Amino acid sequence: MVRVVFVGPPGVGKGTQAAELARELRIPHLSTGDLLRAAVAAQSPLGRQAEGHMRAGGLVPDDLVLQILQERLGRPDAAGGFILDGFPRNPAQAVALDRITPVDVVVAFDLPSDVLESRLVNRRVCPTCQSVYNLLTQPPRVAGRCDRDGTELVQRPDDRPEAVATRLRVYAEQTAPLRELYRARGLLRAVDARGTPDEVRARVRRLID
Ligand code: AMP
């Protein structure tokens with residue numbers, strides 16, 4: 001049983017790593033970004049409130065994110081461990097998480113900012129199965145189509161250049177300070193996120209195992 005939190009700037013590859021590691025470790029991958037995007041797609045009341053914040057690249061208000069996370073963490077499959085991807089994103093969320101569950105390890109991903117920007121603007125996703133591609137480093141086999149299900153790939157609205165700048169700024173101002181908080185508790189393990197997904201995954205596994 002392992003309860004893992006992934007912290008890192010947008011575009012660092014957290015989601016790709018979390019999805020694959022969760023499969024290997026047989027624990028759920030809990031991404032607040034994915035949960036929020038699903039709520040937006042369903043146009044639930046929460047999704048409608050979150051949508052504008054997400055599109056602009058800002059944070060969704062804490063109470064909404066907490067609501068969606070608490071519901072997900074309360075499901076039976078999360079009782080045996082999880083990888084939390086994209087939460088907490090500010091100190092208040094870290095306090096809220098402490099009240100919900102203990103955490104065993106916090107993996108912090110590091111990548112130079114020019115590489116981050118390139119990964120974000122070249123990212124394309126499958127709206128059906130959420131697979132992630134990169135036009136430069138991991139293109140789909142058939143241009144514009146998902147390898148798994150053939151769905152037409154899309155660019156996330158918040159991967160457009162204007163929103164990317166906001167997201168990187170929000171990360172530096174609100175999320176990066178969490179590293180110190182978790183370092184002080186002895187939970188932080190930093191990982192170099194350069195290289196291929198397989199290379200990075202091997203590094204992360206060494207930190208978790
Ligand atoms: P992500 O897929 O993790 O990059 O998240 C996409 C967007 O969802 C973010 O830019 C935020 O607008 C929103 N979001 C995801 N997780 C959180 C969170 N923990 N707190 C606030 N907003 C979030």
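In this text the structure is predicted, and so the values were computed from the model without any measurement. (Residues numbered from 1 in each chain as written. Predicted model: local features only at pLDDT ≥ 70, side-chain atom pairs only at ≥ 80, totals over all residues. Heavy atoms only, no water.)

A. Highlighting the site of the ligand. Taken together, 16 residues surround the ligand, and among them Thr32, Arg37, Gly58, Gly86 and Gln93 come closest. Within the backbone of Gly86, an N or O atom sits 2.9 Å from a nitrogen atom of the ligand. Arg156 places a polar side-chain atom, nitrogen or oxygen, 3.2 Å from an oxygen atom of the ligand. Against a free-state accessible area of 470 Å², the protein chains account for coverage of 95% of the ligand. Looking at the shell around the ligand, its residues break down into six nonpolar, five polar and five charged. (Near = heavy atom within 4 Å. Polar contact = N/O pair within 3.5 Å; in protein donor to acceptor, adjacent residues only side chain to side chain. Areas by Shrake-Rupley, 256 points an atom, 1.4 Å probe, with all protein chains shown as cover. Nonpolar A, V, L, I, M, F, W, Y, C, P; charged D, E, K, R; others polar.)

B. Looking closely at unusual backbone geometry. Between Phe87 and Pro88 the backbone carries a cis peptide bond, its omega angle lying at 0 degrees. Mapped onto the elements of the fold, Pro88 is located in the loop between strand S3 (81-85) and helix H5 (91-100). The phi torsion at Arg26 lies on the positive side, around 55 degrees, for a residue other than glycine. If you trace the backbone, Arg26 turns up in the loop between helix H1 (14-25) and strand S2 (29-31). (Helix = DSSP H or I, 4+ residues; strand = E, 2+ residues; numbered from the N terminus.)

C. Representation of the sheet that holds strand S1 (residues 2-7) in the model. Spatially, S2-S3-S1-S4-S7 is the arrangement adopted by the five strands of the open sheet, whose pairing is parallel. At either margin of the open sheet sits one strand with a lone partner, and together these are S2 and strand S7 (188-192). Geometrically, the sheet is characterised by an average inter-axis angle of 25 degrees between neighbouring strands, direction not taken into account. Both S2 and S3 contribute to a ladder of three bridges, which runs parallel. Note that in S3 the partner of Ser31 across the bridge is Asp85. Against the sheet, helix H9 (residues 197-208) makes contact with S1, strand S4 (105-110) and S7, and its axis sits at roughly 160 degrees relative to S7, the strand it touches most. (Pairing = 2+ DSSP bridges. Axes fitted to C-alpha atoms, helices over the stretch in contact; angles between N-to-C directions. Contact = heavy atoms within 4.5 Å.)

D. Structural detail: the environment of Asp77. In this fold, Asp77 is placed in the loop between helix H4 (62-73) and S3. The partly exposed category is assigned to Asp77, whose relative accessible area is 42%. Here the alpha-carbon distance between Asp77 and Pro140, two residues 63 residues apart in the chain, equals 31 Å. Asp77 has contacts with Pro28 and Arg72, leaving out every residue within four places of it along the chain. A polar atom in the side chain of Asp77 sits 2.8 Å from the side chain of Arg72. (Buried < 20%, exposed > 50% of the residue type's maximum accessible area, 1.4 Å probe, protein only.)

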